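What the coordinates show
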Amino acid sequence: MKLAKVLTIAGSDSGGGAGIQADLKTFQELNVFGMSAITAVTAQNTVGVHGVFPVSTEALEAQMDAIGTDLAPQAVKTGMLYDAERIQLTVAKIRQYRWNLVVVDPVMIAKGGQTLLELAAIRAVVEELLPISTLVTPNLPEAEFLTGMKIRNRKDWREAAIRLHEMGARYVLIKGGHADEDVEGTSATEAVKSTESTDAQEFVNKRFSADTEDDGERMYTNQVVDLLYDGVCFVEYSGPRIHTKHTHGTGCTLSAAITAELAKGAGVREAVGTAKAFIQAALEHAPQLGAGHGPTLHAAYRLHGPAPAAGAAR
Ligand SMILES: Nc1ncnc2c1ncn2[C@@H]1O[C@H](COP(=O)(O)OP(=O)(O)OP(=O)(O)O)[C@@H](O)[C@H]1O
Ligand SMILES: Cc1ncc(CO)c(N)n1
């Protein structure tokens, strides 16, 4: 069978657990040919982001042109796009080369709290990137930023998915990795207004409550649930929560796995199921590297197979 080609347009993570590095490792594991266009270089490890160095728009454009004129990818994913200028350029190239399977991971803030997307660029994500996306994969804080609404319970969660669909994304996957803390707080948007940006992630991380008052529709505790919406139906992908601090790059890895599966011809529902099993295995076998939030093991799905109960849709 012909090898499917996939492209990631994202930032480089020197620590190897997230960004371009996570994407290429995931592509390789899922038997697709991975290519990359780098938007920014981060000096990053498991402890934090120590520097962000945007790549010139000229260099970014040249990378996408080199791929677009020769190596037509079956599917594309975007990760850290850094600012509005790079978002606009990326959108223009996606349109120019008619890349029409596009997974958008709206990367905004790293696990340590550092900003990976200028706040002013959120508008460009909403107005330009969402309308051309096949699937958008925000985590809970990102879904709050993009919709401007507070997500306190499962009803809000579904409402946010409906809004993101109305904003132009054909499919919406709101990931539940952040729904595990037990402090109720303010919305992500309010958090940013009222705190230094470096504190914002810590603030929003604390706000997804297991005990939120929500008419019995509790947020999940021992399960991690990702919610998919296609404009008509909701599908919940549920797996056991793995109690580990080694969650660096989970979002990148999940969206890269979805992109690889789409490139091979899977439908969105099926691709998300496989990707959920992939990240579950990668988390279970995390190699315990570094002093902070370590990476997952991208080879785990191949080496150990899908984790039991992962990827279950209900
Ligand atoms: N502790 C965990 N146990 C099991 N699955 C998890 C856990 N944390 C995250 N996941 C899964 O990993 C994927 C990414 O979710 P998450 O909400 O952490 O994304 P993210 O915040 O964008 O990640 P990152 O910013 O680190 O790249 C989802 O499929 C989610 O269900
Ligand atoms: C480069 C890069 N992209 C995305 C993330 C989010 O995990 C990160 N930490 N670094």
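An unreviewed UniProt entry lists the chain under the name Hydroxymethylpyrimidine/phosphomethylpyrimidine kinase, with Paenibacillus swuensis given as the organism. You can read under Sequence similarities (unreviewed entry) in the UniProt record for the chain the words "Belongs to the ThiD family."

Observations regarding helix 9 (residues 250-263)
Think of an α-helix as 3.6 residues a turn; residues three or four steps apart then line up on the same face. Between its first and last C-alpha, helix 9 extends 20 Å over 14 residues, near the 20 Å set by a 1.5 Å rise per residue. Here helix 9 lies mainly inside the structure; 14 of its 14 residues are buried.

Things to note about the nonpolar core
The nonpolar side chains of a soluble globular protein tend to be buried with one another. Leu7, Ile9, Ile87, Trp99 and Ile174 are the most contacted members of the largest nonpolar core, which has 45 residues in total. If you look at the next biggest cluster of nonpolar residues, it comprises 28 residues, including Ala75, Val103, Val235 and Phe278.

Comments concerning the pairing of strand 2 (residues 33-44)
Two elements, strand 1 (residues 5-13) and strand 2, share eight bridges in a ladder whose sense is parallel. Of the residues in strand 2, the one forming a bridge with Asp13 is Thr42. Relative to strand 3 (residues 49-54), strand 2 runs antiparallel, the two sharing five bridges. Bridging across to strand 3, Ala43 finds its partner in Gly51. Where strand 2 folds back on strand 3, the antiparallel hairpin that results is connected by four residues.

Considering the environment of Ala37
Among the secondary structure elements, Ala37 is positioned in strand 2. Classification of Ala37 by relative accessible area gives buried; the value is 0%. Setting aside residues up to four positions removed in sequence, Ala37 forms contacts with Leu7, Thr8, Ile9, Ala10, Ile20, Leu60, Gln63 and Met64.

Digging into the site of ligand 2
Around ligand 2, the neighbouring residues are Gly11, Ser12, Ala18, Gly19, Gln44, Met80, Val107, Ala110, Leu116, His248 and Cys252. Here Gln44 contributes a side-chain N or O atom positioned 2.8 Å from a nitrogen atom of ligand 2. Of the residues assigned to the shell around ligand 2, the class counts are six nonpolar, five polar and no charged.

Quick look at the packing of aromatic side chains
Overall, the coordinates contain three aromatic pairs when judged by the stated rule. On the numbers, 4.4 Å between centres and 25° between planes, the contact of Tyr229 with Phe234 is stacked. Overall, the relative accessible area of 8% leaves Tyr229 in the buried class. A centroid spacing of 5.4 Å and a plane angle of 45° characterise the contact between Phe278 and Tyr301, whose relative ring orientation is tilted.

Re the side chain of His178
Inspection of the secondary structure assignment puts His178 in the loop between strand 7 (171-174) and helix 7 (188-194). Looking at His178, the relative accessible area reads 11%, which means it is buried. Only 3.3 Å separates the side chain of His178 from the side chain of Asn139, close enough to count as a polar contact.

Regarding the site of ligand 1
Neighbouring ligand 1 are 19 residues, the closest being Lys111, Lys175, His178, Asp226 and Lys276. One nitrogen or oxygen atom from the main chain of Thr247 is found 3.5 Å from an oxygen atom belonging to ligand 1. In this structure, Thr250 approaches ligand 1 through a side-chain N or O atom, which is 3.1 Å from an oxygen atom. In isolation ligand 1 has 630 Å² of accessible area, and contact with the protein removes 94% of it. Looking at the shell around ligand 1, the elements that each hand over two or more residues are strand 8 (223-229), helix 9 and helix 10 (268-284). With four residues, helix 9 is the single largest residue contributor to the shell around ligand 1. Among the residues making up the shell around ligand 1, the classes are represented as seven nonpolar, seven polar and five charged.

Side note on the packing of helix 9 against helix 10
Their axes nearest at 8 Å, the elements helix 9 and helix 10 cross at an angle of 140°. What the angle tells us is that helix 9 and helix 10 run oblique. Viewed along their axes, helix 9 and helix 10 form a crossing whose handedness is right-handed. Contacts from Thr250, Thr253, Leu254, Ala257, Ile258, Glu261 and Leu262 in helix 9 reach Val268, Ala271, Val272, Thr274, Ala275, Lys276, Phe278, Ile279 and Leu283 in helix 10.

Brief notes about unusual backbone geometry
Phi at Asn31 takes a positive value of approximately 65°, unusual for a residue other than glycine. Mapped onto the secondary structure, Asn31 falls in the loop between helix 1 (19-29) and strand 2. Here Asn31 falls in the exposed class, since its relative accessible area comes to 56%. Positive phi, close to 50°, is recorded for Arg98, a residue that is not glycine. Locating Arg98 in the fold gives a position in the loop between helix 3 (84-96) and strand 5 (102-104). Arg98 gets classed as exposed once you look at its relative accessible area, which sits at 68%.

Rules used in this analysis
Residues numbered from 1 in each chain as written. Chains lettered and ligands numbered in written order. Predicted model: local features only at pLDDT ≥ 70, side-chain atom pairs only at ≥ 80, totals over all residues. Heavy atoms only, no water. UniProt positions renumbered as here; feature names shortened; annotations may be inferred. Helix = DSSP H or I, 4+ residues; strand = E, 2+ residues; numbered from the N terminus. Expected span 1.5 Å × (residues − 1). Buried < 20%, exposed > 50% of the residue type's maximum accessible area, 1.4 Å probe, protein only. Core = buried A, V, L, I, M, F, W, Y, C linked by side-chain atoms within 4.5 Å. Pairing = 2+ DSSP bridges. Contact = heavy atoms within 4.5 Å. Near = heavy atom within 4 Å. Polar contact = N/O pair within 3.5 Å; in protein donor to acceptor, adjacent residues only side chain to side chain. Nonpolar A, V, L, I, M, F, W, Y, C, P; charged D, E, K, R; others polar. Phe/Tyr/Trp six-rings, centres within 6.5 Å; stacked < 30°, edge-to-face > 60°. Areas by Shrake-Rupley, 256 points an atom, 1.4 Å probe, with all protein chains shown as cover. Axes fitted to C-alpha atoms, helices over the stretch in contact; angles between N-to-C directions. Parallel < 35°, antiparallel > 145°, perpendicular 65-115°, else oblique. Left-handed = near helix turned anticlockwise from the far one by under 90°.

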